[in-house]
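# Remarks on the overall topology
Each chain is listed here by its residues.
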Amino acid sequence: MNTSSIASGAELDVDILIVGAGPAGLYGAYYAGFRGLRVAVIDALAEPGGQVSAMYPEKAILDIAGFPAIKGRDLIDGLLAQAAPFDPIYLMGEQALGLTHDAFGNAVVATDAGRRITAGAVIVTGGIGTFTPRPLTKGLDFLGRGLSYFVPDLSEHAGKDVVIVGGGDSAFDWAMHLEPIANSVTLVHRRDKFRAHKSTVAKVYDSSVRVLVNADISSVRGNGWIAEVDVAHRADKSTTTLPAQSVIAALGFTADLGPLTEWGLEIDSRHIVVNTRMQTNVDRVYAAGDITDYPGKVRLIAVGFGEAATAVNNAAAVLDPDAEIFPGHSTEQEG
């Protein structure tokens with residue numbers, strides 16, 4: 001990725017600034033490059049991929065056209081490779097803050113790194129916005145020392161006694177993926193009902209994963225690193241002590257749009273309202289992907305790809321009134 005050539009705080013001038021490096025944003029970077037536009041992508045996360053990289057890089061995604069199944073990590077790698085020939089600039093670990101417009105109508109975005117980015121148009125592809133994991137309060141002292149909220153690399157948990165806390169898809173997916181490589185896997189949930197897909201729950205129950213329901217983590221202990229946890233059972237008030245070198249808290253997360261709420265955008269239930277051109281109510285600002293809302297909206301990665309292309313094409317026509325909104329198919333280009 002092209003990151004090292006742009007110093008922190010240096011001013012930047014591009015045709016398109018994409019806010020959010022999830023799948024829709026990365027596809028937008030490719031499509032902007034395909035249209036001959038200079039593009040930069042900014043994201044507060046340290047690595048590209050958004051929720052896919054942070055939450056389920058090893059999970060198989062089943063609704064990407066042309067792929068019966070593709071791991072999240074492989075999807076992101078493919079999107080980066082697709083955009084690479086056009087040399088987009090990636091500003092990772094940097095958050096977009098304020099938005100203004102210059103005398104020529106260009107969007108000017110300030111970042112938390114002291115940078116000023118001037119762009120002919122901005123496309124917001126921020127997914128669900130900034131997401132923060134719900135904490136496991138009993139284990140906060142061990143964050144980064146055995147306690148984690150996401151599993152970007154399964155191998156880090158190989159050979160360990162793993163305790164997963166939660167009852168949603170992430171908890172059960174990680175239990176399934178870690179069961180073959182961990183020394184043991186125990187899933188702890190405060191209720192006996194789960195939010196995860198029934199088929200995944202059934203697979204976990206058929207595996208060697210130990211499932212403890214109506215239970216809570218009451219204590220986490222260790223000398224520098226987690227060594228064991230206590231599980232309190234609600235029914236009989238008993239306690240089970242488990243060995244654990246890894247505790248994964250899959251308790252969900254809270255999300256908000258952060259500084260985007262100060263941009264003057266029309267927002268409905270934490271989603272940015274757009275029209276069929278993916279235009280927002282703010283001049284030169286478009287949006288695509290899960291962050292958007294309009295009648296009939298379907299929140300799928302596959303839909304986000306099409307919305308990103310729509311946003312880029314319509315922005316390109318605004319930047320150059322002589323340009324066609326639809327430039328033709330890629331197969332029509334000279335190789």
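Numbering of residues starts from 1 in every chain and runs along the sequence as written. This being a predicted model, a pLDDT of at least 70 is required before a residue's local features are given, and a value of 80 or more before pairs of side-chain atoms are given or counted; all residues contribute to the totals for chains, interfaces and linings. Where side-chain values are given, they derive from all heavy atoms of the structure, hydrogens and water being excluded.

Patch membership requires over 30% relative accessible area and the absence of a salt bridge. Like charges are linked within 9 Å, and nonpolar side chains (Val, Leu, Ile, Met, Phe, Trp, Tyr) within 5 Å. All accessible-area figures derive from a Shrake-Rupley calculation using a 1.4 Å probe, and residue coverage is judged against the displayed protein chains alone. For salt bridges, the criterion is a side-chain nitrogen of Lys or Arg within 4 Å of an Asp or Glu carboxyl oxygen. Residues scored as positive are Lys and Arg, those scored as negative are Asp and Glu, and His as well as the terminal groups of each chain are ignored. Here the site of a charge means NZ on Lys, CZ on Arg, CG on Asp, or CD on Glu. On the surface, a cluster of positive charge is contributed by Arg 134, Arg 190, Arg 191, Lys 193 and Arg 195. By definition, any uninterrupted DSSP run of H or I lasting at least four residues is a helix, any uninterrupted run of E lasting at least two residues is a strand, and each is numbered from the N terminus. Relative to the helices and strands, Arg 195 resides in the loop between β12 (184-188) and α5 (198-205).

This next bit is on the nonpolar core. In these notes, a set of buried Ala, Val, Leu, Ile, Met, Phe, Trp, Tyr and Cys residues joined through side-chain atoms within 4.5 Å is what counts as a nonpolar core. Residue exposure (1.4 Å probe, protein chains only): buried if accessible area is under 20% of the type maximum, exposed if over 50%, otherwise partly exposed. Counting 62 residues, the largest nonpolar core has Ile 16, Leu 17, Tyr 27, Val 122, Val 124 and Trp 263 as the members making the most contacts within it. Core analysis: the next-biggest nonpolar cluster, separate from the first, contains 19 residues, Val 151, Ala 171, Ala 175 and Val 201 among them.

To continue, consider the sheet that holds strand β20 (residues 271-273). Pairing between strands is defined by DSSP: at least two bridges between the two strands are required. The mixed open sheet is built from 3 strands, whose spatial order is β19-β20-β22. Of all strands in the sheet, those with a lone pairing partner are β19 (267-268) and β22 (292-293), marking the two edges. With 2 bridges connecting them, β20 and β22 associate as parallel partners. When the sheet's bridge partners are listed, Val 273 is paired in β22 with Asp 293.

On to the UniProt feature "binding site: FAD" (unreviewed entry) in the protein. UniProt positions are given in the numbering used here, feature names are shortened, and annotations may be inferred rather than shown by experiment. Under the present numbering, the feature "binding site: FAD" (unreviewed entry) in UniProt falls on Asp 43, Gln 51, Tyr 56, Ala 96, Phe 131, Asp 290 and Thr 331. Mapped onto the elements of the fold, Asp 43 is located in strand β2 (residues 39-43). For Asp 43, a relative accessible area of 12% corresponds to the buried category. Contacts: residue pairs with any heavy atoms within 4.5 Å of one another. Discounting chain neighbours no more than four positions away, the residues touching Asp 290 are Gly 127, His 271, Lys 297, Arg 299 and Leu 300.

Here the focus is the pairing of strand β1 (residues 12-19). A regular strand carries its side chains on alternate faces of the sheet. Buried residues dominate β1, accounting for 7 of its 8 residues. Pairing of β1 with strand β8 (residues 116-124) involves 7 bridges; the strand directions are parallel. Bridge pairing in β8 links Leu 17 to Val 122. One ladder, built from 4 bridges, connects β1 with β2; its direction is parallel. Each bridged residue has a counterpart across the sheet, and for Ile 16 the counterpart in β2 is Val 39. With its strands directed away from the observer, a crossover is right-handed exactly when the path from the first strand over the helix to the second travels clockwise. Where the polypeptide runs from β1 across helix α1 (residues 23-34) and back to β2, its parallel neighbour, the crossover connection is right-handed.

Attention shifts here to α5. For α5, the full list of buried residues reads Thr 200, Val 201 and Val 204. Taken end-on, α5 shows its buried residues confined to a sector of 100 degrees, consistent with a single buried face. Packing partners of the buried residues in α5 comprise α4 (169-178) and β13 (210-212). For this quantity, the arc is that covered by the directions from the helix axis to the C-beta atoms.

As a further point, take the environment of Ala 32. By the secondary structure assignment, Ala 32 is in helix α1. A residue is classified by how much of its surface remains accessible, and Ala 32, at 0% relative accessible area, is buried. Those residues in contact with Ala 32 that lie beyond four places of it in its chain are Ile 16, Leu 37, Val 39 and Val 312.

Tracing the backbone through its elements, the reader meets Arg 35 in the loop between α1 and β2. Ignoring sequence-local partners within four residues, the contact set of Arg 35 consists of Val 312, Asn 313, Ala 316, Ala 323, Glu 324, Ile 325, Phe 326 and Pro 327.

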